[in-house]
Amino acid sequence: MRRRRCCWGPAAPLLLALLLGLGSPFAAKVNKHKPWIETSYHGIITENNDTVILDPPLVALDKDAPVPFAGEICAFKIHGQEMPFEAVVLNKTSGEGRLRAKSPVDCELQKEYTFIIQAYDCGSGPGGRNWKKSHKAVVHIQVKDVNEFSPAFKESVYKATVTEGKIYDSILQVEAIDEDCSPQYSQICNYEIVTTDVPFAIDRNGNIRNTEKLNYDNQHQYEIKVTAFDCGQKHAMEDVLVRVNVKPVCKPGWQDWDKRIEYKPGSGSKPLFPSIHLETCDGPVSSIHTTIELQTNYIGKGCDRETYSEKSLQKLCGASSGAIDLLPSPSATTNWTAGLLMDNNDMIFKFDGKQGAKIPDGIVPKNLTDQFTITLWMKHGPSPGLRAEKETILCNSDKTEMNRHHYALYVHNCRLVFLLRKDFDQADTFRPAEFHWKLDQICDKEWHYYVVNVEFPVVTLYMDGTTYEPYLVTNDWPIHPSHIAMQLTVGACWQGGEVTKPRFAQYFHGSLASLTIRPGKIESQKVISCLQACKEGLDINSLESLGQGIKYHFNPSQSVLVVEGDDIENINQALRKVSYINSRQFPTAGVRRLKVSSKVQCFGEDVCISIPDIDAYVMVFQANEPKITISGTDHFARPAAQFESERGVTLLPDIRIVSTVTKMEHPVDEHDRANKPAVLEEMLHNLDFCDVLVIGTELDPEQECLELDRAELQGKHLDATNSTAGYSVYGVDSMNNYEQVLRQIRYRNWDTSATFDRKFRVKCSELNGRYTSNEFNLEVNILHSSNSNLMDHINHMIVQPQFLQSVHHPEGSTSAVHNSVVPSVATIVIIICVSILIFIITLGVYRIRTAHQHSSSDNEGSKENEMDWDDSALTITVNPMEKYEKPHQTEEESDEEDIEDEEEDTSSAESDESEEEEEDEEEEEEVIVQKRDKQKVTRQEQLEWDDSTLPY
């Protein structure tokens, strides 16, 4: 069916306008329905943010949709007074909207908001007329808090006062607040004391209490800092100061004593508590028991002992000679300790369980006798690991093939064990072999001195001077003899057999010092006490002035003193006399801790009051270091005859040893301090060794030596050793005694022909090298004399050696010095020449006799027998490669008169012919080379050498 088109003509627009603008009944029919929204909304907004999260989302619906305008949402309106929110339409068609804050919301100002919201459609046209609105919906918005504020304390300073000697549940309470709005961030969840090492604690409510009893004498006031944390773990911006004042009460204890006591070396006995007294608060005291302890276990080997070498200490204490030091300082002759960890100041060797030392063969006898002594210092702790292994101190075992231990000293499970297996040729029965001692000191990580005295079958242990018998002795069969060599070790045991490759085993963990073994002798109790004695300790001044009823007791090392009495004043007087003393001239500087503990008994009660301990310390100052200076004549010359004499020549007749210290004068005015010079002050102290060393080539024992009469050492604490490298005097003795001994050392040389000078160096030491002297150098010249004009002539032809040019001689001795250079060389030359000429003569006679047999001419034979030699062109050529075994094919002749002249010139040297002819072939070659330098000597010597064929 075909639709008819309506043609409105020009009046159509006007008619449409009338229908829309004036036809209200028709428009109303277009926008029939109101928008629809939820009846309530719940929203959350984070403070300082503008986004609101609604549940359910903000959406308006209109049933007029999809009619334009009427079915669209144009606005959301909020009803409420000054609400900081606004609603905007995101999509008119879908009706989706958003609720947001006009400005940042602060939870601390308002936590929640409630208001009314309505939706509006777009009406019936573009102008929004005839719009409709939805019903009212309630919106409830909650502001989410942000932890933006820190806790703050209500007070700037908190103060409290407590009485000393009490424990409080709460001394005071601090309180902090937080301005955040939510319970999570506004509540204080914890308090904390910021100041460390204070006797206070604080709980989560801010209550402060003391964790120990406070003492007014120790500290009058405590200042501590406290901070607070909210439940979001944000701490206060500023800590609060808390002052706790301690109020004194009458409390029993020692009073008027100084915590620090200063001690200067050489000051003798220093009182520790000159003004001390005991406060008992009028308690009915019946007796007092006080212990004063000087704690020095961290100084050296347990206390301040002499740091001399073990040999010097044993000499000083009167020990038997023959002790062998198994842990000496590393040197050229004692190099087996070079690889061990060592503290040089105290001669302490540290073993970490990874190293041991082999003692070279010959240091200790192979088989010890039934009597010998082992001494050592040991510091040892519990064995590492779950299963304790043997820790070897000293071990003598098979070097190869087998793993037999002949004797050993080791630690096992904090027990000290000594093993001694006798050889089968020494004992053929079941004999004691292992000796066990169980002592707490073996594993207490402290230094102790051990002495094992062996008088087989009895073995005794001394520990810190106290005797201990073994708690267990086990027997064993002797060891069968074998050809296997033995290896002595320290710090581990050598396992030579039962392994693929010999190695160390059973390593020691700890520290050792002064390990010695003395074959054939045992030590006495007196010597043992001397060797382990401390040089510092406690003392009591004026024992006779102690009050009645006072009892006292020292331990062997005088590090612990016990005083008992029943009268308080007498106890006070006794403690005022307690002093510290250090007899070392150069003590170890540092702190020595003091502890005083007391027990007080009252009438009818066991213990009535408590006396707190005293913790003090002695500060030992560093001693002024001495400067040891050796002086004397450093250069002299003597005739060779004196060196060849029976007594030789004294090397150091006027040696002088002086020690000085530098001290600063104390100025009256501080401004004059810089102008005050240092003062050198001479001081006397001991030395422990002096060495006279040879500079250059060592002494030839076949022709020279250093000597000292042993009688010079008698009455002194000195001993000496001699070698080709020099002479060593050792032992702890005065500088004067060392001077006396050094002045008696002599140098002898019974064959000075080839020696023209000797140089020596003297050096001394105190405290095992802690303080050393200067190196004093001595040069000695040997003056040779000549007995023939021939030697004088030869000497004048030779240039003086360079090392003699710096020596100054008085007039008349210069020629003697020149003549001392070559006599021995000329003598050798002449003797060899005479020997060659005699050989030529003998050969000539032989040839003459041979010619006489084959010649028929008697005149010619007689002429040959007359031996008329023509010496006008005498030339002797000697091949050193032939070593004078074969004569040359062509031999020259010389006159008998010349031979006689030479024999007269060498009359002074004929006495030495027998010795010189025994020189080896190498010396003969050297002489021939030297003769080449003398070709220009004149015809007087009657010898002219042709060295054109000599090889070099």
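Please refer to the structure higher up on the page.
### Let's talk about the side chain of Glu523
Take Glu523: it is sitting in the loop between strand S38 (509-519) and helix H5 (525-531). With a relative accessible area of 5%, Glu523 lands in the buried category. Within polar-contact distance, the side chain of Glu523 engages the side chain of Arg518 at 2.3 Å. Ignoring anything within four residues of it in the chain, the contact list for Glu523 reads Ala319, Ser320, Thr373, Asn453, Arg518 and Ile528.

### With respect to the sheet that holds strand S39 (residues 536-540)
Read across the open sheet, the three strands follow the order S19-S42-S39; overall the sheet is antiparallel. Because the sheet does not close on itself, it has two edges, and the strands there are strand S19 (269-271) and S39. Across this sheet, the average inter-strand angle for adjacent strands is 35°, counted without regard to direction. Looking at chain direction, S39 and strand S42 (residues 578-582) are connected through five bridges and run antiparallel. Pairing of Asp539 across the sheet is with Ser579, part of S42.

### What about the state of the cysteines?
Counted according to the given criterion, the structure contains nine disulfides. Between Cys74 and Cys122 runs a disulfide, and the two sulfur atoms are separated by 1.7 Å. Every disulfide takes its handedness from the sign of the S-S torsion; for Cys74 and Cys122 that torsion is 100°, giving right-handed. Of this pair, Cys74 sits in strand S3 (residues 73-79) while Cys122 sits in the loop between strand S6 (112-121) and strand S7 (137-144); the two residues are 48 residues apart in sequence, bridging distant segments of the chain.

### Let's talk about the side chain of Gln487
Within the element layout of this structure, Gln487 appears in strand S35 (residues 486-490). Given a relative accessible area of 6%, Gln487 falls into the buried group. Within the structure, Gln487 has its side chain in polar contact with the backbone oxygen of Ile359 (distance 3.2 Å).

### Quick look at the packing of aromatic side chains
Within the structure shown, the criterion is met by 16 aromatic pairs. Measuring from centroid to centroid gives 5.2 Å for Phe85 and Tyr113, while their planes differ by 80°, and the two rings are edge-to-face. Of this pair, Phe85 sits in strand S4 (residues 85-91) while Tyr113 sits in strand S6, placing them 28 residues apart in sequence. The pair Phe85 / Tyr113 is uniform in exposure class, with both members buried. A centroid spacing of 4.9 Å and a plane angle of 55° characterise the contact between Phe586 and Tyr771, whose relative ring orientation is tilted. Remark: Tyr771 occurs in strand S56 (residues 771-772) and Phe586 occurs in the loop between S42 and strand S43 (590-602); sequence separation between them is 185 residues. Overall, Phe586 belongs to the buried group, its relative accessible area being 2%. By relative accessible area, which is 4% here, Tyr771 ends up buried. These aromatic residues form a ring-pair network of at least three members: Phe85, Tyr113 and Phe115. If you follow Lys77 out to its NZ or CZ, it ends over the ring of Tyr120, 4.6 Å from the centre. The ring of Trp131 has Lys77 sitting right over it, with the charged end atom 5.9 Å from the ring centre.

### Side note on the pairing of strand S55 (residues 757-766)
Note that strand S50 (residues 686-695) and S55 share seven bridges and pair antiparallel. If you follow Val694 over to S55, its bridge partner there is Phe760. When S55 meets strand S57 (residues 776-783), the two strands line up antiparallel, connected through six bridges. Its bridge partner lying in S57, Phe760 is registered against Leu778. Between S55 and S56, which pair antiparallel in sequence order, lie four residues; one of them, Leu767, sits at a positive phi of approximately 60°.

What counts as what
- Numbering of residues starts from 1 in every chain and runs along the sequence as written.
- A pLDDT threshold of at least 70 governs which residues receive local features in this predicted model, and a stricter bar of 80 or more applies before side-chain atom pairs are shown or counted, although totals over entire chains, interfaces and linings include all residues.
- Only heavy atoms go into the side-chain values, all of them from the structure, while hydrogens and water stay out.
- Only DSSP runs of H or I with at least four residues qualify as helices, and only runs of E with at least two residues qualify as strands; both kinds are numbered from the N terminus onward.
- Here's how the labels work: a residue is buried when its accessible area is under 20% of the maximum for its type, exposed when over 50%, partly exposed in between, all with a 1.4 Å probe on protein chains only.
- Polar contacts here mean pairs of N or O atoms no more than 3.5 Å apart (in protein, one a potential hydrogen donor and the other a potential acceptor; neighbouring residues in sequence count only if both atoms are side-chain atoms).
- The criterion used for residue contact is that any of the two residues' heavy atoms lie within 4.5 Å.
- When DSSP finds at least two bridges between two strands, those strands are taken to pair.
- Only the stretch in contact is used when a helix axis is fitted, and all axes are lines through C-alpha atoms; the angle between N-to-C directions ranges over 0 to 180 degrees.
- The term disulfide is used for any two cysteine sulfur atoms that are within 2.5 Å.
- Any Phe, Tyr or Trp ring, taking Trp's six-membered ring, that has another such ring centre within 6.5 Å forms a pair; planes under 30 degrees apart are called stacked, those over 60 apart edge-to-face, and the others tilted.
- Criterion for a charge above a ring: Arg CZ or Lys NZ at most 6 Å from the ring centre, at most 35 degrees from the ring normal.

It is worth stressing that arrangement in space is one thing and function is another; only the former is reported here.
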